[in-house]
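Each chain, written out:
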Amino acid sequence: MSVDSTYVTGTYASAGALVEKFTGAPPAELPEAYERLVAALWEPGAPTDLALPAVPELVASVGRVDDHRAGYLIILLGLLAEADSDPGGPVRDAVRQGMDRYLDVLSRVGPDEPLTQALVYLLAHFPEDRGRILPLIEPLGLEEGDVSRLDRCLRTLDPDAPDLGRVWPSPSVWRLTDEERDFDKGWIGALTPEQVAANWRNDTRTVWGYVGSKAYWAVRHGMPVTIGGVAQPPELGDGSVPGVEPGIEIFSRHAAAFRCPSCQGSLDFHAGGVRCARCAVTYPVTRGILDLTEGVSDVAGATDEATANLLQKLAEMPSMGLYYESRLRPEFLRVAGGNWGGAVTLPDEDAYIAQHVRPVDGPVLDLAAGAGRWTSVIAGAVGAERLVALDMGLPMLNVLRRRVPAVPAVRSSALSLPFEDASLGAVVCWNALQAFPDDAATAIAEVGRCLRPGGTFTMMTFVWDRDPVVRHFQASHYFPSRPAGMLLFESDEIRRWLADANMVIREQSGPESFIFITAERVA
């Protein structure tokens, strides 16, 4: 596509001058020059008026500049194609006109070069050129994840057999059983055609976000480091914990702290289950998991039925909890926290928790405990007998129970904690606040309500990066529970929420986009 002749000479000259200022910038000034170029041509979600006349100059410059500068320009071309992503969009079509040049560059690069990562991000926006792109990718020897992400982006939706979900961090990591395939078919089959199309688009944006984040890091800093030391979670097996089938006692030792989530009455822990006398509701307990979301009234047989339902859910649970620990979480830290360089390691996280969790009297809560990796660390710091783990996800609690069988697990909401006022000695919320970002202030207020004066609240989450390109890639992770995209935080708003909950920050740190905080509940 050629540039429309209706663009006046002055506008085109301005766009060309912008590109020239970047391509001619000294190495030390390159990041600032690129920031100005990006701001002139792109804003998250849309190209600016200067983008279309600038695209031919961007494409031409890819063949004139060194590989480092070319990597920056290719990232920008990808952003512009993404911002005008519908086929037939004028900016996207203008970017696509450079396909011959992109493929020529691709034919001479190696697998471990930042320029290669930038090209993978750009080319991922053009499924109509799949037949030209993939034959050049195969000889490169890229890692399996890179290839599967590109392959997914270059596919189009088949409405008769939609393949949704299971794309993060790459389609290649998912080794599904027959039961899991049936599970996927079930929820996908219940969607309307419009919902199928929306999920497909969001899956694609999620993959673009990962590929773009990796490529942009590589262009600015060099190739990402290999993440090592990732713990492998235990297998689920038949849902039981060999040799350990805890009784109600692991909950009853904390009975004074609990309250009914329905009426806020006290809970009675006995051999038959957990019951609220005030509202006559009983909650099922099995295999060390108390489900406070499944209360049943005092009807003959209702408690047994609820317990049977919980057992069935645990037995049929897909393996998301297994994948979270070994695959999903480390890659999430890369995109949300900018951890491509390995600035935060597992030992770093463990050490922070061990150093900063300082409970007063009362149980210690692992809030949004996930698959239990940090539950075991907290147990090592304060003792398993003091600890309660809480999460809404049964797949996560299912794995947690196998990792830390001595710790009671509670299924309940972080937005209405099932604990009395000023009953907890400490709370930890590790890498979880961003899972309910719209309600983070409510969750922090609940922590403040439940903590005893002097008790600590220790947390790790992520803040928005200052760089708008990084921020765009951070936001491009689409959780099923939040179809608008990922929402992270600003440091100032977290500080305000803590202050509103009568907590004072005692320590704050964290590299890249990580934020580590320890706050103390004041009287």
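In what follows, the structure referred to is the one given above.
Scoring rules and cut-offs
- Residues numbered from 1 in each chain as written.
- Predicted model: local features only at pLDDT ≥ 70, side-chain atom pairs only at ≥ 80, totals over all residues.
- Heavy atoms only, no water.
- Phe/Tyr/Trp six-rings, centres within 6.5 Å; stacked < 30°, edge-to-face > 60°.
- Helix = DSSP H or I, 4+ residues; strand = E, 2+ residues; numbered from the N terminus.
- Buried < 20%, exposed > 50% of the residue type's maximum accessible area, 1.4 Å probe, protein only.
- Lys NZ or Arg CZ within 6 Å of the ring centre and 35° of its normal.
- Axes fitted to C-alpha atoms, helices over the stretch in contact; angles between N-to-C directions.
- Parallel < 35°, antiparallel > 145°, perpendicular 65-115°, else oblique.
- Left-handed = near helix turned anticlockwise from the far one by under 90°.
- Contact = heavy atoms within 4.5 Å.
- 1 Å grid on protein atoms, 1.4 Å probe; cavity = no way out; pocket = protein on both sides within 12 Å on 5 of 7 lines; lining within 4 Å.
- Points joined across faces, edges and corners; volume = space filled by probe spheres on them.
- Nonpolar A, V, L, I, M, F, W, Y, C, P; charged D, E, K, R; others polar.
- Salt bridge = Lys/Arg side-chain N within 4 Å of Asp/Glu carboxyl O.

Caption draft 1: Just the packing of aromatic side chains, in detail. In the structure shown here, the tally under the stated rule is 16 aromatic pairs. Considering the side-chain rings of Y352 and W430, the 5.8 Å spacing of their centres and the 35° angle between planes classify their relative orientation as tilted. One end of the pair, Y352, is in helix 15 (residues 346-356); the other, W430, is in strand 12 (residues 424-430), and 78 residues separate them in sequence. The buried category is assigned to W430, whose relative accessible area is 6%. Members of the aromatic cluster, each reached through a chain of ring pairs, are F332, Y352, W430, F462, F514 and F516. One cation-aromatic arrangement involves R220 over Y216; the distance from NZ or CZ to the ring centre is 4.1 Å.

Caption draft 2: Here's a closer look at the packing of helix 9 (residues 144-153) against helix 11 (residues 193-221). Close contact between helix 9 and helix 11 brings their axes to 10 Å; oriented N to C, the two are set at 140°. With respect to each other, helix 9 and helix 11 are oriented oblique. Here the hand of the crossing between helix 9 and helix 11 comes out left-handed. Facing D146, R149, R152 and C153 of helix 9, the residues of helix 11 in contact are W200, D203, T204, V207, W208, Y210, V211 and K214.

Caption draft 3: View of the environment of H68. Mapping H68 onto the fold places it in helix 4 (residues 67-83). Along the primary structure H68 and G222 are separated by 154 residues, whereas in three dimensions their C-alpha atoms are 9.9 Å apart. Setting aside its immediate chain neighbours within four residues, H68 contacts L30 and V219.

Caption draft 4: Spotlight on the layout of surface pockets. Estimates place the volume of the second largest pocket at around 670 Å³. Along the walls of the second largest pocket sit 29 residues, with E82, S85, R201, R205 and W208 positioned nearest its centre. Sorting the residues of the lining of the second largest pocket by element identifies helix 4, helix 9, helix 11 and helix 19 (468-475) as the ones contributing at least two each. No other element matches helix 11, which puts five residues into the lining of the second largest pocket. Within the lining of the second largest pocket, the residues separate by chemical class into 13 nonpolar, seven polar and nine charged.

Caption draft 5: Up close: the pattern of salt bridges. Enumeration over the complete set of coordinates arrives at 27 salt bridges. Residue D67 pairs with R108 through a salt bridge whose shortest N-O separation is 3.3 Å. Here R108 lies in the loop between helix 6 (99-106) and helix 7 (114-123) and D67 lies in helix 4, a separation of 41 residues in the sequence. For D67, a relative accessible area of 33% puts it in the partly exposed group. For the salt bridge of E490 with R471, the shortest nitrogen-to-oxygen distance reads 3.3 Å. Of the two residues, E490 sits in the loop between helix 19 and helix 20 (491-500) while R471 sits in helix 19, which places them 19 residues apart along the sequence. With a relative accessible area of 34%, E490 lands in the partly exposed category. Here the salt bridges do not stand alone but share partners, grouping R92, R96, E128 and D129 into one network.

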